[in-house]
Amino acid sequence: MKKIKGRRGIILKAPWEIEKLRAANQIVAEILSELKQHLHPGVTSGDLDRIAEERIAARGAVPAFKGYHGYPCTTCISVNNEIVHGIPSDNGFIEEGDLVSIDLGVVFDGYFGDAAFSAIVGDKGSDLAKRLLSVTKEALYKGIAKAKRKNRLGDISSAVQRYVESHGFGIVRKFVGHGIGKALHEPPEVPNFGKAHTGPVLKSGMVLAIEPMVTAGHYDVKVMDDGWTAVTADGSLAAHFEHTIAITDKKADILSDGFM
Ligand code: MF3
Ligand code: CO
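None of these values were measured; they are calculated from a predicted model. (Residues numbered from 1 in each chain as written. Chains lettered and ligands numbered in written order. Predicted model: local features only at pLDDT ≥ 70, side-chain atom pairs only at ≥ 80, totals over all residues. Heavy atoms only, no water.)

## With respect to the packing of aromatic side chains
Overall, the coordinates contain 3 aromatic pairs when judged by the stated rule. Both rings, one in W16 and one in Y111, keep their centres 6.5 Å apart while their planes meet at 80°; by these two values the pair is edge-to-face. Linking W16 in helix α1 (residues 15-37) with Y111 in strand β5 (residues 111-120), this pair joins segments that are 95 residues apart in sequence. Given a relative accessible area of 4%, Y111 falls into the buried group. Relative to W228, the ring of Y71 lies with its centre 4.9 Å away and its plane at 80°, an arrangement referred to as edge-to-face. Taken as a pair, Y71 in the loop between β1 (62-63) and β2 (75-79) and W228 in the loop between β11 (221-223) and β12 (230-232) lie far apart in primary sequence, 157 residues in all. (Phe/Tyr/Trp six-rings, centres within 6.5 Å; stacked < 30°, edge-to-face > 60°. Helix = DSSP H or I, 4+ residues; strand = E, 2+ residues; numbered from the N terminus. Buried < 20%, exposed > 50% of the residue type's maximum accessible area, 1.4 Å probe, protein only.)

## Points about the sheet that holds strand β13 (residues 238-240)
Taken in spatial order, the 3 strands line up as β6-β10-β13 in an open sheet, and their pairing is antiparallel. What marks the edges here is a single partner per strand, and that holds for β6 (170-171) and β13. Note that β6 and strand β10 (residues 213-215) share 2 bridges and pair antiparallel. Note on β10: the bridge partner recorded for I171 is V214. Helix-sheet contacts for helix α3 (residues 127-145) involve β10 and β13, and the interaxial angle to β13 is about 35°. (Pairing = 2+ DSSP bridges. Contact = heavy atoms within 4.5 Å. Axes fitted to C-alpha atoms, helices over the stretch in contact; angles between N-to-C directions.)

## Let's talk about the side chain of S101
By secondary structure assignment, the location of S101 is in strand β4 (residues 99-108). A relative accessible area of 3% means that S101 is categorised as buried. Within polar-contact distance, the side chain of S101 engages the side chain of S118 at 2.7 Å. (Polar contact = N/O pair within 3.5 Å; in protein donor to acceptor, adjacent residues only side chain to side chain.)

## Quick word on the coordination of the cobalt ion (ligand 2)
Donor atoms from the polypeptide that coordinate the cobalt ion (ligand 2) comprise D114 (OD), H178 (NE2), E211 (OE) and E242 (OE), at 2.1 to 2.2 Å from the metal. One can describe the donor arrangement at the cobalt ion (ligand 2) as irregular, given that its 6 donor atoms subtend angles of 67 to 166° at the metal. (Donors = N, O, S within 2.8 Å, 3.2 Å for Na, K, Ca; no water. Tetrahedral: all angles 85-135°; square planar, octahedral: opposite > 155°, others 65-115°.)

## Notes on unusual backbone geometry
Note the cis peptide between P187 and P188, where omega equals 0°. With respect to the helices and strands, P188 occurs in strand β8 (residues 186-190). The backbone of H69 sits at a positive phi, close to 50°, despite the residue not being glycine. In this structure H69 comes out as exposed when scored by relative accessible area, which is 67%. Its identity is not glycine, yet D109 carries a phi of approximately 55°, on the positive side. Of note, D109 is situated in the loop between β4 and β5.

## Overview of helix α2 (residues 45-58)
A rise of 1.5 Å per residue sets the reference length of α2, with its 14 residues, at 20 Å; its end C-alpha atoms lie 20 Å apart and thus fit the reference within 8%. Three or more residues of α2 are buried, namely S45, G46, L48, D49, I51, A52 and I56. Those residues of α2 that are buried are in contact with α1, β1, β2 and β4. Following α2 by one or two positions, G60 adopts a phi angle in the positive range, close to 75°. (Expected span 1.5 Å × (residues − 1).)

## Quick look at the environment of G70
Locating G70 in the fold gives a position in the loop between β1 and β2. With 51 residues separating them in the primary sequence, G70 and E19 have C-alpha atoms 29 Å apart.

## A word on the site of ligand 1
Around ligand 1 there are 13 residues in total, and D103, D114, H178, H185 and E242 lie nearest to it. D103 is positioned such that a nitrogen or oxygen atom in its side chain is 2.6 Å from a nitrogen atom of ligand 1. For ligand 1, whose unbound accessible area comes to 340 Å², protein coverage reaches 94%. Under a 2 Å grid-point criterion requiring more than half of the atoms, the pocket assigned to ligand 1 is the largest pocket. Here the shell around ligand 1 is composed, by residue class, of 6 nonpolar, 3 polar and 4 charged. (Near = heavy atom within 4 Å. Areas by Shrake-Rupley, 256 points an atom, 1.4 Å probe, with all protein chains shown as cover. 1 Å grid on protein atoms, 1.4 Å probe; cavity = no way out; pocket = protein on both sides within 12 Å on 5 of 7 lines; lining within 4 Å. Sits in = over half its atoms within 2 Å of the grid points. Nonpolar A, V, L, I, M, F, W, Y, C, P; charged D, E, K, R; others polar.)

Structure, rendered in structure tokens:
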């Protein structure tokens, strides 16, 4: 069948494709829920990655990140001052009070799922860490609230940025959200900063991964020598939440719903 393309190469998905994207994203959501239950002091990020890989295989899906531009693992697990793209390892244990971000992508039946959350290990988290988590998660939902047909992409970006900055936190510029479908990354880029009433008009059938990355300090990022792990340049804490959503005739359809 001929592909219907939106403006600027944005691929509009048919209803049956949205259902395939939902299936992939529901696998991601279920596995993220399971990983949350395993997030205890003494576990390694390598342990969590192995659990994810095994659960993905058990559902007949395939990891989406492994091999992507040479990325070595199934999940990205980023701790404290790490923002995104942390590489799981068995070199250190996760500790009480750590702020851990877990990002997971799968391919199922040819379609991609992608979502992420941050959480504090145990109940000894600092007030700052707790505030950072709640602001980052709420910023994602502020963006989703603007993800409506006839709005523009910049309305999402601006809502996320305004909410984050009004709480005195930094919104990362170096990494952005993205369209998603039969590829992990499709047009458009979905920045978490920008101007309302600008950018492509949102249409039913667009599917977007919205993923604010928020710092407790400055938004500047540094990439470590492993070529992946992105940390805050000033060493401040960071959090990351991500949902894959579809634009519909009504409010956004959260395809990865169920794990936050
Ligand atoms: N959620 C991130 C993204 O969509 C994770 C990508 S990790 C990578 O870009 F290893 F696949 F690059
Ligand atoms: Co993503």
